[in-house]
Structure formats: structure tokens, C-alpha cells
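Notes for the structure review
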Amino acid sequence: MRWWALGAVTLGTFMTYLDNNVGNVALPTIQRELGLSISGLEWIVSSYILLFAGLMPAGGRLADVYGARRVFLTGLTIFTLASLAAGLATTGATLIAARAVQGVGAALLTPTALALIGQIFPDPGERGRAVGVWSSAGALSMALGPFAGGFISEHLHWGWIYLVNVPLGLLAFGLALWAVRPAFTRVRRSLDLPGLATSAVALSSLTYALIEGEAAGWTSPPILAAFGVAAAAATAFVLVESWAAEPMAAMVLFRSRVFSGGLITSGIWSFGVFGIYFFSALWLQNVLGFSPTEAGAAFVPMALVMAVVAMSSQRITSWLGIGRTVALGMALMGVAIYLISRVGADGTYADVAPWFLLYGLGGGMLVPLTAAVLNGMPQDRAGVASGMFNVSREVSGLLGVTVLGALLSVRQAAGDRAPLLAFLDGYRFALVVAAVVVLAGIPVALFSLRGAAGRDEPSGSAEPAAPADPQATASATAGSAN
């Protein structure tokens, strides 16, 4: 019965990971059929990430207040119904709204998954094996998602990239209802509504300003006002969290060099991953002339290399230490991003593949980052630290899409060139900026992670943090899964 319950939890999580990986490659098809601009496409991705990141702390807190099983089933229901609406959407506004509701469902579903696994498998040994199965959902979605998305958008209606979640969601709901036994002890009693409200306002305002800034004008009153509101709300969030009895984000954790540096490094990684995946799907099809299926298949070797390296990352860390391993991964990723930017409009898959593989090699080396940082946290802070890691990763990914999109749009609008050449110039410029940002993570990792857990330690040493760690690890493996 317990393994059936694990199947339900894993399937539900897999849906949320698959959703963005399967959707990115279909974006050019959606753009043509719904007549969307680049900013419209950004909203399709960003509306999901925005609600997911903004409400994930609330999802974890609701599980503490009302029970993980109840919140998991609620999130699964919302996500499945929103997927149905997204698949049937006939306008860009409807699709963006449905994607936002999907983000709400994912924010309830994802943070409760590990809590359920902890309840279902109280034995540490069995729990470790269960978490390994659950974590594989991220790597599997990264390998299957782009290819499936390309195949669907080329041979079926693009709506099926979302409609496929409906039978999966029904199956996961039925399994969970049957196999997951209610087990609940109230951990927290407050939802930290001020923190939730201020963080949501800050993220929403910043996202709006970055996506709409090019069209409205960067110095126009609405955009300047949005930036101002974002800054004020972010300041209010820090103050609120400093005073709250049960905060979503424990500011005291930032006093740890390993935690704060690891958070920055993970954020830099996500900034590059989310942005690169989003715009590379457009580049492969609109500029290099790949079919949707070919574009999706182009990402598969990268995902497989990342998954293989991730499984070997513990051994690499034992040789080099966590700081040098993460720094090397960032270096490989940064170099790969820059070399991708050098591929011209006449490029072929042979020109792209080596740098995609190099990118996957570097990305796999960052998997030990979260475990090392969380292992350095006090046991009673592991859950809060894991939640902060997840949220920061999603927020950084949101910024990757919006900031790089803003840079691409500004560069694309400069001069009088053919649309494809203008897009290529903007894309290449955005990649160079992304490469610089990723390479900036090298000194951060070397400084902040020196002495962190991960060098010459037995694999069992991380057991106390295991319930908190794999959420971020699997998500990191998934890349732009969310």
C-alpha cells in the first residue's frame, strides 16, 4: 500500500515538472496560432512561475495547519482542472489565466509531497529509497518533456500538452485517495498572511514591469510605478518577516555564510536555466528551422547527461569538495552558454549539440549544492531552509525569463533588420549576459561553500536532512520544470 501511495505522490509531482518542460518547445506553435507577442509568451510561462513561487510557502504552511494529504489532494484537483482549461483555451488571455491557476495548484501540491513521503515511510532506510524514486520524476520530465511537447505540437493540437495532465491527474487523485492514509499533527497555527501578501505584491509588480517595460516604455509612469511598488513591497516583506512569530522566511538563516552564498549560487543557476530553456526553444525553431519534434529531441541528450552526472555528483564532490564542484559546474555552464551564443543563423544540430552537452555536464554538478547547504542547518531549521531554497529558485527562474526577455526585446527593437535576424541578435546578446551572470557564481561558490558538508563524508551523514533535501535536488535536476 505504501508504494502505491508513493506512486500517487510521485505522479502528482511529475505532472508539475512535466508541464513546463513539455510546454517550452510548443511556444512557437502557440505563438502562431494565438497571435501572441514575445511578451505574451513570457506571460504564459511567468504567470505559472509567479503564482507557484509566490504561494509555495503558503502551500507548505497550509499543510502544517490542515494536513499534507488534504492540501495535496486540493492542489492536485486545482492543477488538473486548470490543465483542462489551458488545453481548451482559444485566446492568449484565457491560456495565461489557466496557467496562473495551474501555478496555484502546483504551489499546494509540490511542498506537501515530501511531507507525505515522511509520513508514509517513517523508517529512514525505506524513506531514502522512496525519496530516490520520487526525485527521479524531475530527471524523467526533463528528458521526456521537450520531445513530447515537440511531437504533440507538430502532430496534434498544441492543447494536448496540457490536456495530457487530465488523465494523469485523475489517476494520481484516485491512487492518493485510496492509498495515502490520513496522518496529521498540527505543526503551525498561522499562515503569515502579511508575508504572503507583501511577497506576492513585490513579485507581481516586478514581473509586470520587466515584461511590459519595452512596450509601455521603461520610463513611462506605469512601469516606474510598478518598480516602485515592487521595491516598497520587498522592503515591507523583509520587515514583516523579521517581526513575525512564525515567518515564511527566517531571516536569521542569512547570517550563515554557507546558506546565503548557497542561496545566491542556486539562484544564479536557476536564472540561467529558466531563461535559456525558454528562449532556446524559440531560437531552434524560428531561426535554425528545426521542427518542433527536432527541437524537443535536441534537449534530450543534455537532460540525460545532466541526470547521469547528477547521480555521480556525490563521488565528484568527495574528490573536489562541494565548493570546487559547484564552481566547476558553473564554469562549464557559463562557457557553454557563451558558445551557444556564437552559433549563427545557418547553424545545425552538430553546431549546437556539443555545447548543450557541456551545459548538461555542468548542470549535473550543481545537484549536491542544496544537500550541502541544508546539512549545515540546525535540524529544526531544515524545513524552513528547504522552502526558502525552493522559492528563491523559482523567483530566480522567473527573473531569468523576464530579465533576459527584456534584454532580448530591447536589442531586437534596435535598428532596422529582418525579424529573424533581429531576434537572433537579441537572443545572442541575452545569452552573453546570462553567461556573465552564471560565471559570476564561481567566486560566490568558492567563497561561501568552503568548508561546507560534502567532502569526504559518508553518504549516510546527510540522513537527518533527507526529508528536506530531495525536494530542491529533484527540482534542480528538473531544470525549468516549474
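Residues numbered from 1 in each chain as written. Predicted model: local features only at pLDDT ≥ 70, side-chain atom pairs only at ≥ 80, totals over all residues. Heavy atoms only, no water.

Across its full length, the chain holds 19 helices and zero strands. Within the chain, the fraction of its 482 residues that count as buried is 59%. Look at the contacts in the chain between residues 6 or more apart in sequence, and 85% of them connect residues 24 or more apart. A total of about 17,900 Å² of accessible surface is found on the chain, and carbon and sulfur atoms cover 69% of it. (Helix = DSSP H or I, 4+ residues; strand = E, 2+ residues; numbered from the N terminus. Buried < 20%, exposed > 50% of the residue type's maximum accessible area, 1.4 Å probe, protein only. Contact = heavy atoms within 4.5 Å. Areas by Shrake-Rupley, 256 points an atom, 1.4 Å probe, with all protein chains shown as cover.)

Moving on, we come to the packing of helix α13 (residues 322–341) against helix α18 (residues 441–448). The interhelical angle for the contact between α13 and α18, taken along N-to-C directions, is 175°, at an axis separation of 8 Å. Put simply, α13 runs roughly antiparallel to α18. Where α13 approaches α18, its residues G323, R324, V326, A327, M330 and A331 are matched on the opposing element by G441, I442, A445 and L446. (Axes fitted to C-alpha atoms, helices over the stretch in contact; angles between N-to-C directions. Parallel < 35°, antiparallel > 145°, perpendicular 65-115°, else oblique.)

Each α-helix winds once per 3.6 residues, and so residues spaced three or four apart point in a common direction. Spanning 29 residues, helix α12 (residues 292–320) covers 40 Å between terminal C-alpha atoms, matching the ideal 42 Å at 1.5 Å per step. The largest bend along α12 reaches roughly 50° and is located at S312. The positive-phi residue at the C-terminal boundary of α12 is G321, with phi of around 90°. (Expected span 1.5 Å × (residues − 1). Bend = angle between axes of the 7 residues up to and from the residue.)

So, about the pattern of salt bridges. The tally for this structure, following the rule as stated, stands at one salt bridge. R411 serves as the salt-bridge partner of D425, at 2.9 Å between the closest nitrogen and oxygen. Placement of the pair is D425 in helix α17 (residues 419–439) and R411 in helix α16 (residues 382–413), with a sequence separation of 14 residues. Taking relative accessible area as the criterion, D425 reaches 24% and is therefore assigned partly exposed. (Salt bridge = Lys/Arg side-chain N within 4 Å of Asp/Glu carboxyl O.)

Evaluation of the coordinates by the stated rule reveals seven aromatic pairs. Their ring planes at 10° and their centres at 6.0 Å tell us that Y48 and F52 sit as a pair that is stacked. Of the two residues, Y48 and F52 both sit in helix α3 (residues 38–66), four residues apart, roughly one turn of that helix. F52 shares its class with Y48; the two are buried. With a centroid separation of 4.9 Å and an interplanar angle of 20°, the aromatic rings of W283 and Y427 are classed as stacked. With W283 in helix α11 (residues 257–286) and Y427 in helix α17, this residue pair connects regions lying 144 residues apart in the sequence. (Phe/Tyr/Trp six-rings, centres within 6.5 Å; stacked < 30°, edge-to-face > 60°.)

Inspection of the secondary structure assignment puts Q31 in helix α2 (residues 27–34). When its relative accessible area of 18% is taken as the criterion, Q31 is described as buried. Aside from chain neighbours lying at most four places away, what touches Q31 is L36, S37, I38, L41, L282 and N286.

This part is about the nonpolar core. In summary, soluble globular proteins display a tendency toward joint burial of nonpolar side chains. By size, the foremost hydrophobic cluster in this structure holds 124 residues, and its most contacted members are I30, L95, W283 and L284. If we skip the residues at most four places from it in the chain, W283 touches L288, I340, V343, V352, F423, L424 and Y427. (Core = buried A, V, L, I, M, F, W, Y, C linked by side-chain atoms within 4.5 Å.)

Once that is clear, we can look at the environment of Y277. Considering the arrangement of structural elements, one finds Y277 in helix α11. Taking relative accessible area as the criterion, Y277 reaches 3% and is therefore assigned buried. For the pair formed by Y277 and V25, sequence separation is 252 residues and the distance between their alpha carbons is 8.7 Å.

Tracing the backbone shows A82 in helix α4 (residues 68–87). With 20 residues separating them in the primary sequence, A82 and Q102 have C-alpha atoms 5.3 Å apart. Here A82 is in contact with A98, V101 and Q102, once residues within four sequence places are set aside.

Here we take up the confidence of the model for the chain. Mean pLDDT over the chain stands at 80; residues scoring 70 or higher make up 85%. Within the chain, the element-level pLDDT minimum falls on helix α19 (residues 469–478), averaging 35, and the maximum on α4, averaging 94. For residues 454–482, every residue scores under 50 in pLDDT, and the model assigns this stretch 82 contacts once sequence neighbours within four places are set aside. (pLDDT = per-residue confidence, 0-100.)

Turning next to the packing of α12 against helix α14 (residues 349–364). The interhelical angle for the contact between α12 and α14, taken along N-to-C directions, is 25°, at an axis separation of 7 Å. One way to sum up the angle between α12 and α14 is to call them roughly parallel. In the packing of α12 onto α14, the handedness of the crossing is right-handed. Along the contact surface, α12 presents A298, F299, P301, M302, V305, M306, V309, A310 and S313, while α14 presents Y349, F356, L357, Y359, G360, L361, G363 and G364. Residue composition of the contact of α12 with α14, by class: 13 nonpolar, four polar and no charged. (Left-handed = near helix turned anticlockwise from the far one by under 90°. Nonpolar A, V, L, I, M, F, W, Y, C, P; charged D, E, K, R; others polar.)

Moving on to a nonpolar patch on the surface. Together, M1, W4 and W178 make up an exposed nonpolar region whose accessible area comes to about 370 Å². Classification of W4 as exposed rests on a relative accessible area of 51%. (Patch = residues over 30% accessible without salt bridge, like charges linked within 9 Å, V, L, I, M, F, W, Y side chains within 5 Å.)

Looking at the secondary structure, you find N165 in helix α8 (residues 165–179). Leave out the neighbours within four places in its chain, and N165 touches M15, D19, F79, T80, S83 and Q102.

Checked against the element boundaries, I268 lands in helix α11. Contacts of I268, omitting those with residues within four sequence positions, involve M330, V437, V438, A440 and G441.

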